[in-house]
Amino acid sequence: MSLEKFTIETVLSVTRWSDHLFSFTMTRPASFKFTAGQFARIGLSVDGELVVRAYSVVSSPYDDTLEFFSIVVPNGAFTSHLKDLTVGTEIYLEKVAYGFLTLARYQSPQPQDLWLLATGTGVAPFLSMLQDFAVWKDYQHIFLAYSVRTPEELAYADKIQQILEVFSEGHQGFKFIPIITRDPEAVLNQRLPTLIETGRFEEFAGHCLSVETSHVMLCGNPQMVEDTKSALKAKGLLMNRRGEGNIAVENYW
Ligand SMILES: Cc1cc2nc3c(=O)[nH]c(=O)nc-3n(C[C@H](O)[C@H](O)[C@H](O)COP(=O)(O)OP(=O)(O)OC[C@H]3O[C@@H](n4cnc5c(N)ncnc54)[C@H](O)[C@@H]3O)c2cc1C
Ligand SMILES: NC(=O)c1ccc[n+]([C@@H]2O[C@H](COP(=O)([O-])OP(=O)(O)OC[C@H]3O[C@@H](n4cnc5c(N)ncnc54)[C@H](OP(=O)(O)O)[C@@H]3O)[C@@H](O)[C@H]2O)c1
């Protein structure tokens, strides 16, 4: 891999959410441009080899630094090294950002309702979008559903409240929908496709999914994406292609 495609950035802070989830910020070169929802390709030198992986940017396009939210995969070629980062660690950053899980993919932002549905670290691109004033201007209702296994994995719950305070001024239509699948006490503890199929999801949201009014974005576990797509299609929603249609997706593996 040609190193010329990369700049070398420095880790500025690290937050550990659990033994297999952490976030970090790093320097952002002025030349690194991205749209909320896009991903960067970041790398580490491991035994003299550059190992690179895709990472959605959590931070806002307006921030001076870049933030990422990471899983630790046991024996993962990348994350079993990335997990040891500390302030000052050097990270390779590919100079261009990638990806089409952005609001720009919808030709008309008019369908009023934006549904952002994530599992695990798949919440990352949605956190960036919520820190972009455009989303609050373009959509009357915004729903963020975030499915994790246990309460301690619900990283960023406080940050979501802070984002609302800063970005959603005057906006009355946001609803956070936490789903904690392995907590029998949680208000919502079934998987997203089941919640949609049974109507519990819309009941909790207090709003309906519909082909006329909904833009729906799915991100994270590929099986969740597949199963949720089927549940949404059964309600008449359509895949977004060439700007038309409701559903846009990003698979993390
Ligand atoms: C477009 C895109 C954006 C991505 N953004 C992020 C991100 O913001 N944060 C992030 O942690 N990962 C993200 N990923 C996944 C990331 O690229 C790596 O797969 C992850 O860092 C693990 O790397 P690894 O080499 O340790 O294991 P890999 O060999 O890459 O993965 C091994 C296995 O671990 C599991 N796995 C991989 N990634 C995840 C994950 N995120 N959550 C749960 N299980 C996982 C899967 O079962 C996978 O088969 C993204 C992937 C894509 C394609
Ligand atoms: N302590 C640990 O070492 C530890 C702890 C947790 C995870 N892990 C490992 O980390 C990896 C990723 O874990 P993760 O929890 O971030 O990701 P994940 O397995 O994708 O789970 C995140 C959320 O997605 C849900 N989900 C999974 N498949 C789905 C589907 N088909 N449809 C709808 N929802 C679905 C999960 O529900 P369900 O709960 O119903 O699956 C959970 O709420 C796994 O390989 C796991 O083994 C390790």
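Residues numbered from 1 in each chain as written. Chains lettered and ligands numbered in written order. Predicted model: local features only at pLDDT ≥ 70, side-chain atom pairs only at ≥ 80, totals over all residues. Heavy atoms only, no water.

K.L.:
So what exactly am I meant to see when it comes to the packing of aromatic side chains here?
P.N.:
For any pair of aromatic rings, geometry is given as the distance between the ring centres together with the angle between the planes. Using the criterion set out here, one finds 14 aromatic pairs in the structure. A centroid spacing of 6.3 Å and a plane angle of 85° characterise the contact between Tyr55 and Phe68, whose relative ring orientation is edge-to-face. Taken together, the positions of Tyr55 in strand β4 (residues 49–56) and Phe68 in strand β5 (residues 65–71) put the pair 13 residues apart, joining distant regions of the chain. We note that Tyr55, like Phe68, is buried. Between the aromatic rings of Trp115 and Phe143, the centroid separation amounts to 3.9 Å while the plane-to-plane angle is 15°, which identifies the pairing as stacked. Here Phe143 lies in strand β8 (residues 141–148) and Trp115 lies in strand β7 (residues 113–119), a separation of 28 residues in the sequence. You'll find Trp115 and Phe143 in the same group, each marked buried. In this structure an aromatic cluster arises from ring pairing among Phe22, Phe24, Tyr55, Phe68 and Phe78. (Phe/Tyr/Trp six-rings, centres within 6.5 Å; stacked < 30°, edge-to-face > 60°. Helix = DSSP H or I, 4+ residues; strand = E, 2+ residues; numbered from the N terminus. Buried < 20%, exposed > 50% of the residue type's maximum accessible area, 1.4 Å probe, protein only.)

K.L.:
Got a minute to help me understand the site of ligand 1 in this structure?
P.N.:
Residues in contact with ligand 1 amount to 18 residues; listed here are only the nearest, Ala54, Tyr55, Phe69, Thr79 and Thr121. Contact between ligand 1 and Arg53: an oxygen atom at 2.9 Å from a side-chain N or O atom of the residue. With respect to ligand 1, the backbone of Ser56 contributes an N or O atom lying 3.1 Å from an oxygen atom. Taken by itself ligand 1 offers 870 Å² of open surface, and the protein chains cover 75% of this. (Near = heavy atom within 4 Å. Polar contact = N/O pair within 3.5 Å; in protein donor to acceptor, adjacent residues only side chain to side chain. Areas by Shrake-Rupley, 256 points an atom, 1.4 Å probe, with all protein chains shown as cover.)

K.L.:
What is the right way to look at the pairing of β7 in this model?
P.N.:
Summarising burial for β7: seven of the seven residues are buried, a large majority. Side chains of β7 alternate between two faces, with Asp113, Trp115, Leu117 and Thr119 and Leu114, Leu116 and Ala118 buried alike. Where β7 and β8 come together, seven bridges link them in parallel fashion. Bridged to Thr119 within β8 is Ser147. Sheet topology note: the β7/strand β10 (residues 214–220) ladder contains six bridges and is parallel. (Pairing = 2+ DSSP bridges.)

K.L.:
What am I meant to see in the nonpolar core here?
P.N.:
General note: in soluble globular proteins, nonpolar side chains tend to be found buried as a group. In this structure, Leu116, Phe126, Ile142, Leu144 and Phe174 are the most contacted members of the largest nonpolar core, which totals 36 residues. Sorting the residues of this core by element identifies β7, α2 (124–130), α3 (133–138), β8, α4 (157–167), β9 (174–180) and β10 as the ones contributing at least two each. It is α2 that provides the largest number of residues to this core, a total of five residues. Inspection of this core shows a minimum of three residues originating in each of domain 1 (3–94) and domain 2 (103–251). (Core = buried A, V, L, I, M, F, W, Y, C linked by side-chain atoms within 4.5 Å. Domains from an automatic or database assignment.)

K.L.:
Sorry if this is basic, but what is going on with the site of ligand 2 here?
P.N.:
Inspection of the region around ligand 2 gives 16 residues, with Ser147, Thr181, Arg182, Arg191 and Asn221 positioned closest. Ser147 has a polar side-chain atom sitting 2.7 Å from an oxygen atom of ligand 2. At 3.3 Å from a nitrogen atom of ligand 2 is found a side-chain nitrogen or oxygen belonging to Asp227. Protein chains bury 73% of the 880 Å² of accessible surface belonging to ligand 2 in isolation. Of all elements in the fold, only β8 and α7 (222–234) reach the threshold of two or more residues within the shell around ligand 2. Ranked by residues supplied to the shell around ligand 2, first place goes to α7 with three residues.

K.L.:
Would you mind showing me how to read α4 here?
P.N.:
Since there are 3.6 residues in each turn of an α-helix, residues three or four apart along the chain are aligned in direction. Here α4 has its buried residues at Ile160, Ile163, Leu164 and Phe167. For α4, the arc enclosing every buried residue in end-on projection is 100°, short of the 170-degree limit, so these residues lie on one face. Residues of α4 that are exposed and point over 90 degrees away from its buried face: Asp158, Glu165 and Val166. Buried residues belonging to α4 abut α2, α3, β8 and β9. (Arc of directions from axis to C-beta. Contact = heavy atoms within 4.5 Å.)

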